[in-house]
Amino acid sequence: MMNADLRRERAAATFQPELLTHVLDGGAERTRRRKEIEALVFNDPDFQHEDLNFLSRSQRYEQAVRKSALMVMKLREYGIADPEEIYWFKSFVHRGRPEPLDLHLGMFLPTLLTQATPEQQDRFFMPAWNLEIIGTYAQTEMGHGTHLRGLETTATYDPATQEFILNSPTVTSIKWWPGGLGKTSNHAIVLAQLYTQGQCKGLHAFIVPIRQLGTHEPLPGITVGDIGPKFGYDEMDNGYLKMDNFRIPRENMLMKYAQVEPDGTYVKPLSDKLTYGTMVFIRSLIVGDSARSLSRACTIAIRYSAVRHQSELKPGEPEPQILDYQTQQYKLFPLLATAYAFHFVGAYIKDTYRRVSGDINEGDLSELPELHALTAGLKAFTSWTASAGIEECRMACGGHGYSRCSGIPDIYVTFTPSCTYEGENTVMMLQTARLVEAAAKNLQAELNHRKSKEDAWNRTSVDLVRASEAHCHYVIVKLFTAKLSEISNAAVRAVMTELCLLYALYGISKNTGDFLQAGILTSAQVTQVNQHMKELLGIIRPNAVALVDSFDFHDVHLGSVLGRYDGNVYENMFEWAKKSPLNNTEVHESFHKHLKPMQAKL
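Within any chain, residue numbers begin from 1 and follow the written order of that chain's sequence. Given that this is a predicted model, residues contribute local features only at a pLDDT of at least 70 and side-chain atom pairs are listed and counted only at 80 or more, while totals for whole chains, interfaces and linings are drawn from all residues. Values reported for side chains reflect all heavy atoms of the structure, with hydrogen atoms and water molecules removed beforehand.

Draft legend 1. Region of interest: the overall build of the chain. Counting its regular elements, the chain contains 22 helices and eleven strands. The globule rule used here is 2.2 Å times the number of residues to the 0.38 power, and the radius of gyration it is set against is calculated over C-alpha atoms. Computed over the C-alpha atoms, the radius of gyration of the chain is 26 Å, within 12% of the 25 Å expected from 2.2 N^0.38 for a compact globule of 602 residues. Principal-axis analysis of the C-alpha atoms places the extent of the chain at approximately 90 × 75 × 60 Å. When each of the 602 residues of the chain is scored for burial, the buried share is 51%. In the chain, 73% of the contacts between residues at least 6 apart in sequence involve partners at least 24 apart. Per the convention used, a helix needs a DSSP run of H or I reaching at least four residues, while a strand needs a run of E reaching at least two, with both numbered from the N terminus. Burial here depends on accessible area, computed with a 1.4 Å probe over protein chains only, as a share of the maximum for the residue type. Under 20% is buried, over 50% is exposed, and the range in between is partly exposed. Throughout, a residue-residue contact means that at least one pair of heavy atoms, one from each residue, lies within 4.5 Å.

Draft legend 2. Broad picture of the packing of helix H6 (residues 102-115) against helix H7 (residues 118-129). Here the axes come from fitting lines to C-alpha atoms, over the contacting stretch only for helices, and the angles between their N-to-C directions go from 0 to 180 degrees. At their nearest, the axes of H6 and H7 sit 10 Å apart, and the two run at 160° to each other. Looking at the two axes, H6 sits roughly antiparallel to H7. The handedness of the crossing between H6 and H7 is left-handed. Within the contact between the two elements, H6 uses His104, Phe108, Leu109, Leu112, Leu113 and Gln115 and H7 uses Gln120, Gln121, Phe124, Phe125, Ala128 and Trp129. Considered class by class, the residues forming the contact of H6 with H7 number eight nonpolar, four polar and no charged. What sets the label is the angle itself: under 35 degrees gives roughly parallel, over 145 gives roughly antiparallel, 65 to 115 gives roughly perpendicular, and the rest give oblique. Note on convention: the crossing is left-handed when the near helix lies turned anticlockwise from the far helix by less than a right angle, right-handed when the turn is clockwise. Ten residue types, Ala, Val, Leu, Ile, Met, Phe, Trp, Tyr, Cys and Pro, are classed as nonpolar, four, Asp, Glu, Lys and Arg, as charged, and the remainder, Gly among them, as polar.

Draft legend 3. Up close: the sheet that holds strand S8 (residues 239-243). In this scheme, strands are said to pair when DSSP sees at least two bridges between them. Reading across the sheet, the three strands line up as S4-S8-S7 and stay open at both edges, with antiparallel pairing between neighbours. Every interior strand has two partners, whereas the edge strands, strand S4 (175-176) and strand S7 (222-226), have only one. With two bridges connecting them, S4 and S8 associate as antiparallel partners. Note on S8: the bridge partner recorded for Trp176 is Tyr240.

Draft legend 4. Geometry of the nonpolar core. Ile302, Phe333, Tyr340, Phe480, Met496 and Leu547 are the most contacted members of the largest nonpolar core, which has 83 residues in total. Ranked by residue count, the leading element in this core is helix H9 (residues 326-361), at twelve residues. Not counting residues up to four positions away in its chain, the partners in contact with Met496 are Leu20, Tyr340, Phe344, Phe480, Leu484, Ile487 and Leu547. The term nonpolar core refers to a set of buried residues drawn from Ala, Val, Leu, Ile, Met, Phe, Trp, Tyr and Cys, joined through side-chain atoms within 4.5 Å.

Draft legend 5. Seen up close, the packing of aromatic side chains. For Phe, Tyr and Trp, where Trp contributes only its six-membered ring, two rings pair if their centres lie within 6.5 Å, and the inter-plane angle classes them as stacked under 30 degrees, edge-to-face over 60, or tilted in between. Inspection of every chain in the model, using the stated rule, returns 14 aromatic pairs. Here the aromatic rings of Phe125 and Trp129 are separated by 6.3 Å at their centres, their planes lie at 10°, and the arrangement is stacked. Of this pair, Phe125 and Trp129 are both found in helix H7, four residues apart, which corresponds to roughly one turn of the helix. A relative accessible area of 17% means that Phe125 is categorised as buried. Members of the aromatic cluster, connected to one another through ring pairs, are Phe47, Tyr78 and Phe89.

Draft legend 6. Expanded view of the pattern of salt bridges. When a carboxyl oxygen of Asp or Glu is within 4 Å of a side-chain nitrogen of Lys or Arg, the pair counts as a salt bridge. Counted according to the given criterion, the structure contains 37 salt bridges. In this structure, the salt-bridge partner of Arg32 is Glu29, at a minimum N-O distance of 2.9 Å. Linking Arg32 with Glu29, this pair stays in helix H3 (residues 28-42), spanning three residues, or about one helical turn. Taking relative accessible area as the criterion, Glu29 reaches 49% and is therefore assigned partly exposed. Linking Asp44 and Lys74 is a salt bridge whose minimum nitrogen-to-oxygen distance equals 2.7 Å.

Draft legend 7. Summary view of the side chain of Arg95. Looking at the element boundaries, Arg95 is found in the loop between helix H5 (83-93) and H6. In this structure Arg95 is buried but unpaired, with Asp51 as the nearest side chain of opposite charge at 7.8 Å. Excluding anything up to four places from it in sequence, Arg95 contacts Phe47, Gln48, His49, Arg296, Val556 and His557. Counting rule for charge: Lys and Arg are taken as positive, Asp and Glu as negative, and neither His nor the chain ends is counted.

Draft legend 8. Seen up close, unusual backbone geometry. Backbone geometry at Leu131 places phi at a positive 65°, although glycine is not the residue there. Checked against the element boundaries, Leu131 lands in the loop between H7 and strand S1 (135-138). Taking relative accessible area as the criterion, Leu131 reaches 22% and is therefore assigned partly exposed. The phi dihedral of Trp177 is positive, around 105°, even though this residue is not glycine. Tracing the backbone through its elements, the reader meets Trp177 in the loop between S4 and strand S5 (187-196). Residue Trp177 is classed as partly exposed on the basis of its relative accessible area, which comes to 46%.

Draft legend 9. Representation of helix H2 (residues 17-25) in the model. For H2, the set of buried residues is Leu20, Thr21 and Asp25. With its buried residues spanning 140° around the axis, H2 presents them on a single face. Just downstream of H2 lies Gly26, where phi reads positive at about 90°. It is the directions from the helix axis to the C-beta atoms that the arc portrays.

Draft legend 10. Local environment of the packing of H3 against H5. Taken N-terminus to C-terminus, the directions of H3 and H5 make an angle of 40°; their axes are 9 Å apart at the nearest point. One element, H3, and the other, H5, form an angle in the oblique class. Our pair here, H3 against H5, has a crossing hand that is right-handed. From H3, Arg30, Arg33, Arg34, Ile37, Glu38, Leu40, Val41 and Phe42 reach across to H5, where they touch Glu84, Glu85, Trp88, Phe89, Phe92 and Val93. Counted by class, the contact of H3 with H5 contains eight nonpolar, no polar and six charged residues.

Draft legend 11. Geometry of empty space enclosed by the protein. A 1.4 Å probe that fits but cannot get out identifies a cavity on a 1 Å grid over protein atoms alone, an open set with protein on both sides within 12 Å along at least five of seven lines counts as a pocket, and a residue lines either if it has an atom within 4 Å of a point. Grid points are joined across faces, edges and corners, and a volume is the space filled by probe spheres set on the points. Evaluation of the coordinates by the stated rule reveals two cavities of 30 Å³ or more. With three residues, helix H4 (residues 57-78) is the largest single contributor of residues to the lining of the largest cavity. Taken as a whole, the second largest cavity holds about 60 Å³ of empty space. Forming the boundary of the second largest cavity are Leu52, Arg60, Gln63, Ala64, Lys67, His94, Arg97, Pro98 and Glu235. Its residues assigned to classes, the lining of the second largest cavity comprises three nonpolar, two polar and four charged.

Draft legend 12. Layout of H7. The span you would expect from a helix comes to 1.5 Å times its residue count less one. End to end, H7 covers 16 Å across twelve residues, agreeing with the expected 16 Å (1.5 Å per residue, within 8%). Phi turns positive, to about 65°, at Leu131, one or two residues after H7.

Draft legend 13. How the structure looks around the environment of Phe515. Summarising the element assignment, Phe515 is placed in helix H17 (residues 512-517). Judged by relative accessible area, which is 24%, Phe515 ranks as partly exposed. For the pair Phe515 and Val526, spaced eleven residues apart in the sequence, the C-alpha separation amounts to 8.7 Å. Sequence-distant contacts of Phe515, that is, excluding residues within four places in its chain, are made with Ile508, Ile520 and Leu521.

This is the structure in structure tokens:
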């Protein structure tokens, strides 16, 4: 049975949600294929499991490893080889959560493809594809993250044995955080400062075996383990790695671009920009992830707001749906518009990345710096916004949003690390700022006051980050607007135009100070912006549920009692609570141990 409120909401929509789903997926055929892959996973008894919220961390890790190993076998069995289809299959198996093979599939294999010589690919790629070799990507250290030049791990070439000696010289140089490093991987691509012929040649990548094949015991000279519980990511064994003068063959340095010859001669790469490729690729994924995570949170909050009734608008009348309150619409509809905007940005970056990758393979690097800066900024902008937006959605669900059964706490703790990995966000924004002129005047003024360029940069960095944000916002509005003309169905185009306008106006109203200060808008125009925004909330209201339906999240993937498609929230919340392990016995053993003796004394 469908909840009556949701049935009424869906009947009132002015467009067909599946047509908008086709726009998001990039065509009806892609939607069909995505649903086909979804069905392969959701109908497979091997991938069923109990609610992860009721498992310990060790059990969650084990479940994730079990499903990852199965997933690799089934991908082969079904012959799924397209990267996008693999991504879909993987996210359906793990229901949008991280998993221990994430870095093996997402960083180790792609780095082999882009930075290994043909000989190295022959040696490592197929064993890695077959999970004989399981790898991770060990870049971050305890003492340094985004600032790569500060990394301390060393790889010193010994021409006598033709080996590199890998060493963690200090406690801060211990590799720290890589996913899959703690317990799962038997190899790591380690980023280390290369020393040869007495000179430091900067960061290079090395393939380092860390555990014995077969027994999985750490190799002599290797100290490796799990870094302990985190804010989220319970199913991921983020790890540490300490190397004590650990020797690897010369052939284990990734040598597609830079090389060390047997006598120790260093051959430098054509361009030091080529290693940006992997980072740009991962950042483009994070933008898509921002869109998906925010879309999931919006779906839950908006459906629940249509089902939840509270307070009285007019005395004596029935309690209205909380979605009818303008304050609730103001919280949720701009986030909904943002989720759509980010979907289109993610698709744009992915296409651009594909195009520029083609150019790079042809030897044309001209667009890489621009793409690097833009993806850095958009990665930061979208992950910040999505992270704050997911939390806003949780609060919009009132008390029940705090329960794990709402699904939103999990979305939040799983998504929020993206603000840090592949570049801490403020640092990313400052990379984008090296393109933005608005902040340049302040920078010039600071330079006139002070001699040091670096000092001036630091003293204007708050302006620079704001300038980058404004630039990103502008780029996103531009892309969203361009997307509208591609939508052929008039009803879908109309509702998307309203969302695009809401996104643009919301951005202006959030930053009115900047627009007034720069003399771009008058205070009368600002009033108009805010007035028009409120009108748009009312216009979007009848389509709100249909707009989140268009994201087309299966209930299993959404993992939320509050956001269920059928809206039967309360019955299912009660059923969910009964499954808590604390309810396995009517009287918990702690009563007999600790409370009963107290009561006996009374």
